[in-house]
Amino acid sequence: AQTVTQSQPEMSVQEAETVTLSCTYDTSESDYYLFWYKQPPSRQMILVIRQEAYKQQNATENRFSVNFQKAAKSFSLKISDSQLGDAAMYFCTQTQGGSEKLVFGKGTKLTVNP
Amino acid sequence: DVKVTQSSRYLVKRTGEKVFLECVQDMDHENMFWYRQDPGLGLRLIYFSYDVKMKEKGDIPEGYSVSREKKERFSLILESASTNQTSMYLCASSLRLGGNYGYTFGSGTRLTVV
């Protein structure tokens with residue numbers, strides 16, 4: 001079974017600093033998609049960033065960027081200039097077996113300290 | 001601007017009751033999903049549907065069934081609720097395209113079975 005591993009159950013960062021959340025995954029597929037989702041205390045899951053595996057260029061969305069290492073099966077999320085509103089659970093996910101199902105990691109709880 | 005609506009935010013039911021969790025999306029998405037979210041376990045797929053009247057089991061279908069009679073509505077049914085089904089339930093939908101553009105989630109239903 002495909003798995004997504006987030007090795008950091010909790011992380012904290014000072015406001016305005018940069019933090020990196022780790023994620024490794026396991027797949028035998030050559031073409032797949034990776035995502036980071038954010039779940040704030042309001043519970044609404046929000047798509048943060050998307051990466052297509054066949055694209056070597058790392059995806060970027062404003063203050064959010066990824067470090068995609070396909071050979072290492074690593075997909076880390078970097079948040080620059082952290083803001084209080086970034087505090088949330090962050091989930092790393094990948095598509096499963098070439099389908100449109102997503103497999104989720106267990107999440108990393110990010111705290112942003114003022 | 002609500003796109004995926006879950007009928008209840010909080011629900012308390014008694015053991016043995018038949019429970020219906022409703023999810024409606026207004027984006028004309030083909031795919032709909034039900035996930036269960038538990039602390040330390042992340043999100044686990046219960047059932048999903050690629051089309052009307054079509055359903056497939058996810059990773060943890062035991063004790064659950066689903067119904068999709070219309071494209072916009074996907075219902076999760078707990079045939080006989082048990083205390084181990086106390087959890088957060090998340091509904092999601094996605095377009096069926098050549099690529100995978102991620103899910104749109106509802107706000108979740110926190111179900112407590114007593």
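In what follows, the accompanying structure is described. Since the structure is predicted, the reported quantities are computational estimates derived from the model, not experimental observations.

### Side note on the overall build of chain B
And then number 1: A tally of helices and strands in chain B yields zero helices and 11 strands.
And then number 2: Ordered by position from the N terminus, the helices and strands of chain B form the series β-β-β-β-β-β-β-β-β-β-β.
And then number 3: Relative to a compact globule of 114 residues, whose C-alpha radius of gyration would be 13 Å, chain B shows 13 Å and is just as compact.
And then number 4: Across its three principal directions, the C-alpha atoms of chain B cover 40 × 25 × 25 Å.
And then number 5: A buried classification covers 51% of the 114 residues belonging to chain B.

### Some remarks on the pairing of strand β8 (residues 73-78) of chain B
Residues and elements named next belong to chain B.
And then number 1: Across the six residues that make up β8, a large majority, five, are buried.
And then number 2: When strand β3 (residues 19-25) meets β8, the two strands line up antiparallel, connected through six bridges. From the neighbouring strand, V19 faces β8, where its bridge partner is L78.
And then number 3: Hairpin connection from strand β7 (residues 64-70) to β8: two residues lie between these consecutive antiparallel strands.

### A closer look at the state of the cysteines
And then number 1: In total, this model carries two disulfides over all chains according to the counting rule given.
And then number 2: A sulfur-sulfur separation of 2.0 Å characterises the disulfide bridge that pairs C23 of chain A with C92 of chain A. Taking the torsion about the sulfur-sulfur bond, which here is approximately -70°, the covalent link between C23 of chain A and C92 of chain A counts as left-handed. You can see C23 of chain A sitting in the loop between β3 (19-21) and β4 (24-25) and its partner C92 of chain A sitting in strand β10 (residues 88-95), a full 69 residues away along the chain.
And then number 3: Taking relative accessible area as the criterion, C92 of chain A reaches 0% and is therefore assigned buried.
And then number 4: Each sulfur in the disulfide pair C23 of chain B and C91 of chain B lies 1.9 Å from the other. Of note, the bridge from C23 of chain B to C91 of chain B carries an S-S torsion of about -80° and is left-handed in sense. Linking C23 of chain B in strand β3 with C91 of chain B in strand β9 (residues 87-94), this pair joins segments that are 68 residues apart in sequence.
And then number 5: Its relative accessible area of 0% is what places C23 of chain B among the buried residues.

### Examining the pattern of salt bridges
All names here are of chain A.
And then number 1: Enumeration over the complete set of coordinates arrives at 10 salt bridges over all chains.
And then number 2: With a shortest N-O distance of 3.9 Å, K73 and D26 are connected by a salt bridge. A residue pair is termed long-range when its members are at least 10 positions apart, and K73 in the loop between β8 (64-69) and β9 (74-79) and D26 in the loop between β4 and β5 (33-39) qualify at 47 residues.
And then number 3: We classify K73 as partly exposed; its relative accessible area is 27%.

### Focus on the sheet that holds β3 of chain B
All names here are of chain B.
And then number 1: Here we have four strands laid out as an open sheet, ordered β1-β3-β8-β7, and antiparallel in their pairing. The open sheet has two edge strands with one neighbour each: β1 (4-6) and β7. Across the sheet, the mean angle separating the axes of adjacent strands is 20° when strand polarity is ignored.

### Notes on the interface of chain B and chain A
And then number 1: Each side of the interface is counted separately: chain B has 32 residues, and chain A has 20 residues.
And then number 2: A per-residue breakdown of the area chain B buries against chain A is headed by N100, Y103 and F105 of chain B, which together make up 29% of the total.
And then number 3: Viewed at the interface, chain A and chain B are joined by zero salt bridges.
And then number 4: At the surface where chain B touches chain A, the tally comes to 10 residue pairs in polar contact (both at pLDDT 80 or more).
And then number 5: Secondary-structure elements contributing two or more residues to the side of chain B that touches chain A are β4 (31-38), β5 (42-49), β9 and β11 (109-113) of chain B.
And then number 6: A breakdown of the residues in the side of chain B that touches chain A according to their chemical character gives 15 nonpolar, 13 polar and four charged.

Calculation criteria
Residues numbered from 1 in each chain as written. Chains lettered and ligands numbered in written order. Predicted model: local features only at pLDDT ≥ 70, side-chain atom pairs only at ≥ 80, totals over all residues. Heavy atoms only, no water. Helix = DSSP H or I, 4+ residues; strand = E, 2+ residues; numbered from the N terminus. Rg over C-alpha atoms; globule rule 2.2 N^0.38 Å. Buried < 20%, exposed > 50% of the residue type's maximum accessible area, 1.4 Å probe, protein only. Pairing = 2+ DSSP bridges. Disulfide = S-S within 2.5 Å. Salt bridge = Lys/Arg side-chain N within 4 Å of Asp/Glu carboxyl O. Axes fitted to C-alpha atoms, helices over the stretch in contact; angles between N-to-C directions. Contact = heavy atoms within 4.5 Å. Buried area = accessible area lost by both parts, 1.4 Å probe. Polar contact = N/O pair within 3.5 Å; in protein donor to acceptor, adjacent residues only side chain to side chain. Nonpolar A, V, L, I, M, F, W, Y, C, P; charged D, E, K, R; others polar.

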